Amino acid sequence: KLPPIDGDFYDLSLKLTERQREIQLKVRHFMEKEIKPIANEYWNKAEFPFEIIPKMAELDICGIAYDGIGPDEQSFLMEGIIAMELARIDVSISTFFGVHSGLAMGSIYVCGSEEQKQEWLPKMQRMEKIGAFGLTEPDVGSAVAGGLGTTCKQGGDEWILNGQKKWIGNATFADVVVIWARDEDSGRAKGFLVRKGNPGFKAEKMENKMALRTVQNALITMKDCRVPESDRLQKCESFKDTAKVLKMTRAAVAWQAVGCARGAYESALKYTKKREQFGRPIASFQLIQNHLVEMVSNLTAMQTLCFRLSELQDEDLLTDEHASLAKVFCSMRTRDVVSRAREVMGGNGILLEHDVARFVADAEAIYSYEGTKEINSLIVGRAITGYSAFVS
Ligand code: FAD
């Protein structure tokens, strides 16, 4: 049994194997020892703590769900638990990891040739090379499926990419950025592995974010960016293949929301037991207990739902609407949990050093990335009604 921890009310960790619990604990200890003491400082400075990458690599947790790539205990459930444990302390670190291990490695895993997988995945698994994923553009976010503005055109044995990408996490320092572009000739989406140092590729850090400040998001500009045919993702035929990557990673984003809510709830619970007003701990007041119960109910519902979601994924039964439902539900409930956590802490709830303000801000990013609440709702709506309401 793991040491008792307040945010796992139904003891879901008891459903894990011994080895899975070991990995969970290892990640938890790393986050508490290495990240918790520096999380607020780096978030405040909007800088990334590069020194943690080699230590994180030692955890051996990248690509844990990928057949033949990750370490033992390969499962999507484990991937979800890891996303939760990372986000429970710092959603930025969880996002950095999710972009690298989920979106970037996942694109190569799903859409790469054997040679591409052999070249990149082992090094990325050891975090010797870091990846990014460039899909969103300044003018196209939710409608990216049919509206990619970035183009690619084949000329002999190379492709020429032109266009911009916005919000691309890790791209300011990544060794490889997966870029999705529309083929000028066929109109279909293609994926490319753009290597660091490509002269036609520029990534500028986006400033002034009010959430996930530690994550280095970039505005990418590609001007006649030349990529050899050997760096085109060989198994991407259309946007349907890009969507396979997003379906695979969306479940981990739902787990990230659980981690964000859990971190805020646990800090708030501790605070209410210590903080006294009117001569008593505020945790003894009925109205405060009501907030705490609302929080733990939401958290427990989210965790249970994500657990089943990952089981479906491990059984190869996951559909787009399964993943979208979890992303919608968890990102909405997380917003509620973090705002109650802030509320029960009074004024201290808005101070970074009390460890809840950061979760309140970061919950906003989870709400919007990897498909906004509306877009994921429309995916579920289409599945349950048979009507697509994306465009009226
Ligand atoms: P828009 O698409 O402009 O949407 C604006 C609003 O309109 C939203 O509320 C949306 O739900 C709503 N809306 C749009 N269409 C409809 C409709 N048909 N019906 C009802 N409502 C609708 N992208 C990457 O490619 N790589 C990354 O690494 C990455 N990291 C990110 C990190 C952060 C912190 C953030 C905030 C974003 C990141 N993104 C990344 C981009 C993210 O995926 C997009 O922000 C998201 O897809 C939404 O696109 P948008 O912001 O352009 O919003």
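First, a word on scope: everything that follows refers to the structure included in this document. The model shown is predicted, which means the values in this text are computed figures rather than measured ones. Every chain's residues receive numbers from 1 upward, in the order its sequence appears when written. At least 70 in pLDDT is required for a residue's local features to be given in this predicted model, at least 80 for side-chain atom pairs to be given and counted, and no such filter applies to totals for whole chains, interfaces and linings, which use all residues. Excluded from the side-chain calculation are hydrogens and water; included are all heavy atoms of the structure.

### Side note on unusual backbone geometry
At step 1: In this structure, Asn208 is a non-glycine residue whose phi angle is positive, near 65 degrees.
At step 2: Here a strand is any run of E in DSSP of at least two residues, a helix any run of H or I of at least four, and the numbering for each starts at the N terminus. The residue Asn208 is located in the loop between strand E6 (201–205) and strand E7 (217–228) in this model.
At step 3: Phi at Leu212 takes a positive value of approximately 45 degrees, unusual for a residue other than glycine.
At step 4: Within the element layout of this structure, Leu212 appears in the loop between E6 and E7.
At step 5: The buried label applies to any residue whose accessible area, calculated with a 1.4 Å probe on protein chains only, is under 20% of its type's maximum; exposed applies above 50%, and partly exposed to all values in between. Residue classification places Leu212 among the buried residues on the basis of a relative accessible area of 5%.

### A few points about the site of the ligand
At step 1: Around the ligand, 20 residues are found, and the nearest of them are Thr136, Ser142, Thr372, Glu374 and Phe390.
At step 2: Under the rule applied, a polar contact is a pair of N or O atoms within 3.5 Å (in protein, one hydrogen donor and one hydrogen acceptor; residues adjacent in sequence only if both atoms are side-chain atoms). Contacts to the ligand include Ser142, whose side-chain N or O atom sits 2.6 Å from an oxygen atom.
At step 3: Backbone polar atom of Gly169 to an oxygen atom of the ligand: 3.0 Å apart, as the coordinates give it.
At step 4: A total of 980 Å² of accessible area belongs to the ligand in isolation, and the protein chains cover 67% of it.
At step 5: Residue assignment for the shell around the ligand shows that the elements contributing at least two residues are strand E1 (131–134), strand E3 (158–169), helix H10 (357–368) and helix H11 (373–385).
At step 6: Three classes are used, and their members are as follows: Ala, Val, Leu, Ile, Met, Phe, Trp, Tyr, Cys and Pro are nonpolar, Asp, Glu, Lys and Arg are charged, and the others, Gly among them, are polar. Within the shell around the ligand, the residues separate by chemical class into 10 nonpolar, 8 polar and 2 charged. By convention in this text, a residue qualifies as near a molecule or strand provided that one of its non-hydrogen atoms is within 4 Å of it. Areas reported here follow the Shrake-Rupley algorithm with a probe of radius 1.4 Å; residue values treat only the protein chains shown as occluding.

### Let's talk about the packing of helix H7 (residues 239–274) against H10
Each pair of packed helices can be summarised by the angle the axes make with each other and by the distance between the axes.
At step 1: The convention used is that axes are lines fitted to C-alpha atoms, helices contributing only their stretch in contact, and that angles between N-to-C directions extend from 0 to 180 degrees. Direction vectors running N to C along H7 and H10 enclose 165 degrees, while the axes themselves pass 10 Å from each other. Judged by the angle between their axes, H7 and H10 are roughly antiparallel. Handedness of the H7/H10 crossing: left-handed. Of the residues in H10, those in contact with Val253, Gln256, Ala257, Cys260, Gly263 and Ala264 of H7 are Phe359, Ala363 and Ile366. Angle categories: roughly parallel below 35 degrees, roughly antiparallel above 145, roughly perpendicular from 65 to 115, and oblique for all the rest. In this scheme the crossing of two helices becomes right-handed for a clockwise turn of the near helix relative to the far one and left-handed for an anticlockwise turn of less than a right angle. Between two residues, a contact is recorded if the distance between any of their heavy atoms is within 4.5 Å.

### Observations concerning the pairing of strand E5 (residues 189–195)
Successive residues of a regular strand alternate their side chains across the two faces of the sheet.
At step 1: Counting buried residues in E5 gives 6 out of 7 residues, a clear majority hidden from the surface.
At step 2: Note on pairing: DSSP must find at least two bridges between two strands before they are called paired. Hairpin remark: strand E4 (residues 176–183) followed by E5, antiparallel, with 5 residues in the connecting loop; positive phi at Gly187, about 80 degrees.

### Remarks on helix H3 (residues 76–89)
At step 1: Taking 1.5 Å per residue as the helical rise, H3 with its 14 residues ought to reach 20 Å, and the 21 Å between its terminal C-alpha atoms agrees with that figure.
At step 2: Most of H3 sits out of view: 14 of its 14 residues are buried.
At step 3: Between the side-chain oxygen of the N-cap and the backbone nitrogen of Leu77 there are 3.5 Å, and the N-cap of H3 in question is Ser75. Here the expected length of a helix is defined as 1.5 Å per residue gap, with one fewer gap than residues.

### Points about the pairing of strand E2 (residues 151–155)
At step 1: Pairing of E2 with E3, which is carried by 5 bridges, proceeds in the antiparallel orientation. In the sheet register, Thr151 faces E3, and the bridge partner there is Asn162.
At step 2: Counting the residues that bridge the hairpin from E2 to E3 gives 2 residues, and of these Gly156 lies at a positive phi of roughly 65 degrees.
At step 3: Summarising the sheet, E2 and E4 pair through 2 bridges and their orientation is parallel. The residue of E4 that forms the bridge with Cys152 is Asp183.

### Quick word on the packing of aromatic side chains
Aromatic rings considered in pairs are described by the distance between their centres and by the relative angle of their planes.
At step 1: Geometry of aromatic contacts follows a simple scheme: Phe, Tyr and Trp rings, the Trp one being its six-membered ring, pair when their centres are within 6.5 Å, and the pair is stacked under 30 degrees between planes, edge-to-face over 60, tilted otherwise. Taken as a whole and judged by the stated rule, the model has 11 aromatic pairs.
At step 2: Aromatic pair Phe96 and Phe173: ring centres 6.5 Å apart, planes at 35 degrees, arrangement tilted. Residue Phe96 is located in helix H4 (residues 91–111), and its partner Phe173 is located in the loop between E3 and E4; the two are separated by 77 residues in the primary sequence. Judged on exposure class, the residue Phe96 and its partner Phe173 are both buried.
At step 3: Members of the aromatic cluster, connected to one another through ring pairs, are Phe48, Phe50, Phe96 and Phe173.
At step 4: In this structure, Arg335 packs its charged tip against the face of Tyr367, placed 3.6 Å from the ring centre.
At step 5: Our definition puts a charge over a ring when NZ of Lys or CZ of Arg is within 6 Å of the ring centre and also within 35 degrees of the ring normal. Note that Arg358 overlies the ring of Phe359, its terminal NZ or CZ placed 5.3 Å from the centroid.

### Some points on the environment of Thr272
At step 1: Examined against the element boundaries, Thr272 turns out to sit in helix H7.
At step 2: Ignoring any residue separated from it by four or fewer positions in sequence, one finds Thr272 in contact with Pro281, Ile282, Ala283, Ile288, Leu292 and Val344.

### Re the packing of helix H9 (residues 320–344) against H11
At step 1: Their axes nearest at 8 Å, the elements H9 and H11 cross at an angle of 135 degrees. When the interaxial angle is binned, H9 and H11 end up oblique. Seen along the crossing, H9 lies across H11 with a hand that is left-handed. Within the contact between the two elements, H9 uses Asp320, Glu321, Ser324, Leu325, Lys327, Val328 and Met332 and H11 uses Lys373, Asn376, Ser377, Ile379, Val380 and Ala383.

### Observations concerning the pattern of salt bridges
At step 1: Salt bridge, as used here: a side-chain nitrogen of Lys or Arg that lies within 4 Å of a carboxyl oxygen of Asp or Glu. The final tally for this structure, using the stated rule, is 28 salt bridges.
At step 2: Linking Lys153 and Asp185 is a salt bridge whose minimum nitrogen-to-oxygen distance equals 3.1 Å. Placement of the pair is Lys153 in strand E2 and Asp185 in the loop between E4 and E5, with a sequence separation of 32 residues.
At step 3: Overall, the relative accessible area of 35% leaves Lys153 in the partly exposed class.
At step 4: Note on Asp185: relative accessible area 55%, which makes it exposed.
At step 5: Each of the salt bridges in this network shares a partner with another, and the network as a whole consists of Arg28, Glu32, Glu85, Arg88, Arg262 and Glu266.

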